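Below, each chain spelled out in residue letters.
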Amino acid sequence: MTNHQSFIFLHETIRIIRVQSPDGVKRITATKRETAATFLKKVAKEFGFQNNGFSVYINRNKTGEITASSSKSLHLLKIKHGDLLFLFPSNLAGPSSEMETSASVGLKAFGTPNVVEDEIDQYLSKQDGKIYRSRDPQLCRHGPLGKCVHCVPLEPFDEDYLNHLEPPVKHMSFHAYIRKLTGGADKGKFVALENISCKIKSGCEGHLPWPNGICTKCQPSAITLNRQKYRHVDNIMFENHTVADRFLDFWRKTGNQHFGYLYGRYTEHKDIPLGIRAEVAAIYEPPQIGTQNSLELLEDPKAEVVDEIAAKLGLRKVGWIFTDLVSEDTRKGTVRYSRNKDTYFLSSEECITAGDFQNKHPNICRLSPDGHFGSKFVTAVATGGPDNQVHFEGYQVSNQCMALVRDECLLPCKDAPELGYAKESSSEQYVPDVFYKDIDKFGNEITQLARPLPVEYLIIDITTTFPKDPVYTFSISQNPFPIENRDVLGETQDFHSLATYLSQNTSSVFLDTISDFHLLLFLVTNEVMPLQDSISLLLEAVRTRNEELAQTWKKSEQWATIEQLCSTVGVQLPGLHEYGAVGGSTHAATATMWACQHCTFMNQPGTGHCEMCSLPRT
């Protein structure tokens with residue numbers, strides 16, 4: 001009898017209250033006479049909140065708030081055993097629509113809302129994105145203000161619409177994919193774009209480290225390769241033909257393959273719902289060794305400076321480009337058509353290189369717990385087309401390929417460029433099994449181990465175009481300034497080539513003369529007189545197309561010294577003496593200085609020997 005009475009007493013006093021929050025449901029143990037203040041302290045401790053960082057309601061619609069009262073007990077508040085209460089963080093507790101609350105909760109629980117996305121991503125996330133259709137005169141039976149299934153707006157991820165475009169679109173845009181995930185009744189509350197990992201999770205203490213032990217908690221999941229349904233960039237557009245032609249000139253003159261980085265910007269691609277376009281304004285050619293069938297990249301000491309100058313010009317590194325060209329008939333100017341469905345579009349080595357570049361340039365994303373997901377870094381190939389003319393093809397590799405490359409799980413096949421090979425586990429590294437699906441000779445779908453692996457499962461193709469109306473971020477000249485790192489052609493960047501360029505480009509508009517990407521890089525990176533600390537005003541003038549700012553910089557002492565250095569190489573610049581007269585006493589004194597022919601040091605007037613190298617003036 002005593003035991004029975006004890007059971008009744010516990011049943012009446014101890015109760016379990018369920019509390020639902022954006023992170024899930026937790027159970028709080030309380031007593032019948034426990035005050036609301038004590039109960040809320042338990043809730044705060046359980047969920048990891050400060051005492052005033054949340055609100056608890058009896059009803060889901062945020063009515064019946066439980067305040068931190070020390071005089072009211074749970075019994076007086078009519079909170080019984082098993083009741084469900086609703087917790088909202090303080091930043092979400094204010095009045096808002098159900099849609100806004102759900103989206104915000106999803107970001108709070110799963111995403112990283114503190115990251116700053118690219119401007120194009122911020123712009124597209126605010127767009128409607130729907131595909132509006134006009135009233136069909138044959139199928140629509142309603143008035144002009146009505147809508148039916150034949151004219152109602154379509155979602156940006158509608159596959160039937162994308163398949164009926166000309167040409168058909170196989171991959172929806174990344175923002176259309178996000179709209180698909182965040183649609184529906186939950187409004188994306190549980191959306192989390194997880195990055196794939198092929199590594200063993202650290203911190204598992206239940207066993208010895210690999211290779212002596214592994215468990216299901218730390219073991220990475222097997223990967224089944226699927227063709228990615230979306231792409232981060234939908235179009236690559238070169239601003240004008242000159243940008244591409246100057247890059248191809250190296251192959252035309254040497255027959256060797258060439259490599260370059262694409263600098264430009266990301267803009268909206270209006271041909272595809274919520275699409276992104278990579279616009280290419282310039283191509284930077286780093287140090288490299290090229291042959292007829294290989295490329296080797298060398299260390300580039302100027303890489304960081306180039307990125308800084310590009311950023312000040314409003315540009316960024318958006319991709320890389322390489323040539324794969326073999327001349328077929330020099331008289332007709334045709335090239336071999338070697339990359340097609342019967343061979344390969346990208347080799348396994350090129351896929352691994354593209355994956356490495358994409359990992360180095362991740363796409364900032366607010367829906368990923370890591371703050372980044374995928375990449376907008378593109379790959380362009382100059383190769384022969386079906387008509388035996390030079391074509392530009394664009395690609396990316398999938399996020400699965402990026403993960404395999406990042407965790408060093410993918411190898412190229414030596415004798416078959418169209419095949420890759422998933423590494424096998426060793427004592428140094430555990431590699432998860434990688435599979436892909438194929439069709440056997442009987443038409444059945446089978447799962448194959450990715451040893452070897454057709455790289456077509458990893459490739460996403462991107463349309464590459466040139467605009468009908470060319471765009472010019474930089475000026476185009478009949479006698480352009482030489483491109484960097486082309487010493488093998490006898491094209492060097494020095495003050496003689498600068499003087500020759502200035503003497504051949506005598507435009508009255510100084511901005512047109514100086515708006516050359518390769519010239520600006522030379523002014524910043526040359527070893528005689530680098531202008532890295534004093535060229536910001538000129539870069540701003542080029543970025544904003546402001547001639548007044550360019551003229552202001554032209555009157556600086558740095559440009560006067562540059563002109564004086566050019567005059568010492570035997571090329572007389574037009575208007576140099578007139579400019580010196582206008583420039584004032586400082587520029588007049590500079591004009592009387594002389595440059596040593598041996599070391600180019602600027603010496604004071606009246607001296608017969610160089611102050612730097614002590615060699616005679618003449």
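Residues numbered from 1 in each chain as written. Predicted model: local features only at pLDDT ≥ 70, side-chain atom pairs only at ≥ 80, totals over all residues. Heavy atoms only, no water.

- The protein chain goes by Nuclear protein localization protein 4 homolog in an unreviewed UniProt entry, where it is assigned to Chinchilla lanigera.
- Quoted verbatim from the Pathway (unreviewed entry) heading of the UniProt record, the comment on the protein chain is "Protein degradation; proteasomal ubiquitin-dependent pathway."
- As its UniProt record puts it under Subunit (unreviewed entry), the protein chain is described as follows: "Heterodimer with UFD1. The heterodimer binds ubiquitinated proteins. The heterodimer binds to VCP and inhibits Golgi membrane fusion. Interacts with ZFAND2B; probably through VCP." (UniProt positions renumbered as here; feature names shortened; annotations may be inferred.)

### Brief notes about the sheet that holds strand 20 (residues 410-412)
Part 1 of the reasoning: Read from one edge of the open sheet, three strands run 20-21-24, paired in antiparallel fashion. The sheet is open, and its two edges are formed by strand 20 and strand 24 (453-454), each paired on a single side.
Part 2 of the reasoning: Pairing analysis gives two bridges linking strand 21 (residues 419-422) to strand 24, with the strands arranged antiparallel. The residue bridging L419 from the neighbouring strand is P454, located in strand 24.
Part 3 of the reasoning: Here helix 9 (residues 348-360) sits on the sheet in contact with strand 20 and strand 21, set at roughly 140° to strand 20. (Pairing = 2+ DSSP bridges. Helix = DSSP H or I, 4+ residues; strand = E, 2+ residues; numbered from the N terminus. Contact = heavy atoms within 4.5 Å. Axes fitted to C-alpha atoms, helices over the stretch in contact; angles between N-to-C directions.)

### Observations concerning the nonpolar core
Part 1 of the reasoning: Counting residues in hydrophobic clusters, the biggest one holds 75 residues, and the most contacted among them are L498, I514 and L523.
Part 2 of the reasoning: For this core, the element with the highest residue contribution is helix 13 (residues 517-525), accounting for seven residues.
Part 3 of the reasoning: Excluding anything up to four places from it in sequence, L523 contacts L498, I514, M529, P530, L531, I535, L538 and I562.
Part 4 of the reasoning: By size, the runner-up hydrophobic cluster in this structure holds 26 residues, among which are A244, L262, I276 and V280. (Core = buried A, V, L, I, M, F, W, Y, C linked by side-chain atoms within 4.5 Å. Buried < 20%, exposed > 50% of the residue type's maximum accessible area, 1.4 Å probe, protein only.)

### Looking at the state of the cysteines
Part 1 of the reasoning: For the coordinates displayed, the defined rule picks out zero disulfides.
Part 2 of the reasoning: Between C198, a free cysteine, and C409, which holds the nearest cysteine sulfur, the sulfur-to-sulfur gap is 4.4 Å.
Part 3 of the reasoning: Looking at C198, the relative accessible area reads 1%, which means it is buried.
Part 4 of the reasoning: Residue C401 stays outside any disulfide, its sulfur separated by 5.7 Å from that of C351, the closest cysteine. (Disulfide = S-S within 2.5 Å.)

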